[in-house]
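Examining the three-dimensional arrangement
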Amino acid sequence: MYEKLDRARRANLVSYGFIYMGGEEHKITIRNLSISGVLAQLNTDRKDIDIKYVFNHLLISTLIDLYLPEMRLIGEAEVVRADMEEGHILLALEFKNIAFDVDKELNKRKAYRKNIPGPGRILLNGEYHHFATINVSVGGLMICLSETITVEEGTITQFELKHLELEGKVKIIWINHISDDKTLIGLQYVDMKKHALKGIPSFALQEKP
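Residues numbered from 1 in each chain as written. Predicted model: local features only at pLDDT ≥ 70, side-chain atom pairs only at ≥ 80, totals over all residues. Heavy atoms only, no water.

**What to know about the overall build of the protein chain**
For the record, the criterion: In DSSP terms, a helix is any run of H or I states spanning at least four residues, a strand is any run of E spanning at least two, and both are numbered starting from the N terminus. Exposure classes here rest on a 1.4 Å probe applied to the protein chains alone. A residue is buried below 20% of its type maximum, exposed above 50%, and partly exposed in between. The contact definition used throughout considers only heavy atoms, calling two residues in contact when any of these lie within 4.5 Å.
Along its length, the protein chain carries two helices and 12 strands. When the helices and strands of the protein chain are placed in sequence order, the string is α-β-β-β-α-β-β-β-β-β-β-β-β-β. Out of the 209 residues in the protein chain, the part that is buried amounts to 42%. Contacts in the protein chain between residues far apart in sequence, at least 24 positions, make up 55% of those at least 6 positions apart.

**Looking at the packing of aromatic side chains**
For clarity, the cut-off: We call Phe, Tyr and Trp rings a pair once their centres come within 6.5 Å, taking the six-membered ring for Trp, and we label the pair stacked below 30 degrees between planes, edge-to-face above 60, and tilted otherwise.
Across all of its chains, the model carries three aromatic pairs by this definition. With 6.2 Å between their ring centres and 85 degrees between their planes, Y16 and F18 make a pair best called edge-to-face. The residues Y16 and F18 share a single accessibility class, namely buried. Ring geometry for F159 versus Y189: centroids 6.3 Å apart, planes at 25 degrees, classification stacked.

**Considerations on the side chain of H129**
Let me state the cut-off plainly: By the criterion applied in these results, polar contacts are pairs of N or O atoms within 3.5 Å in which, for protein atoms, one can donate a hydrogen and the other can accept it, and in which residues neighboring in sequence qualify only through two side-chain atoms.
You can see H129 is positioned in strand β8 (residues 127-136). A distance of 3.4 Å separates a polar atom in the side chain of H129 from the backbone oxygen of L124. For H129, the contacting residues outside a window of four places in its chain are G120, R121, I122, L124, L145, E147 and I149.

Keep in mind these numbers describe shape, not what the thing actually does.
So, in structure tokens, the structure goes:
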């Protein structure tokens, strides 16, 4: 009896979510949840998405992006098992790089932020400055400079991010000076030569399946 009640309580705790696999976003229903991962049911009406589709993409990488809105869990998970049950595709996902976002504004964000570290450069006050990316989304990115920079919010400037093949114009949304003479800057894309980011989901953050 207690085991059944516990399973029901966990099912009600988080019932849906999203994954990014094979360059596409997919809705999922959570069958079971534990500290180390989830058992998810892939929800789709497309005939071309079957267990073979899943296995083909797992041959490329077993890591996928995962977003569970009700738990405010977001990040990466590894597909450790894929099965068929009563016509449904079930995925056993193990948490790998998951963050619990205590920020209540999470569900108001317009796009999923993916942690992608890498070097780049940005034109500020007439000079190019090197930075490291903190996270990247389809709408913008957060960067860190290893120096103290003063620049006006709202400034539109140029940037380059070669490891993602991105370059173009960005708008400085916010700037924050932190310890150790570092500067965090939030940027919004204005104009880029590459208009779509490969490997970065947007996720419909407020949409239930």
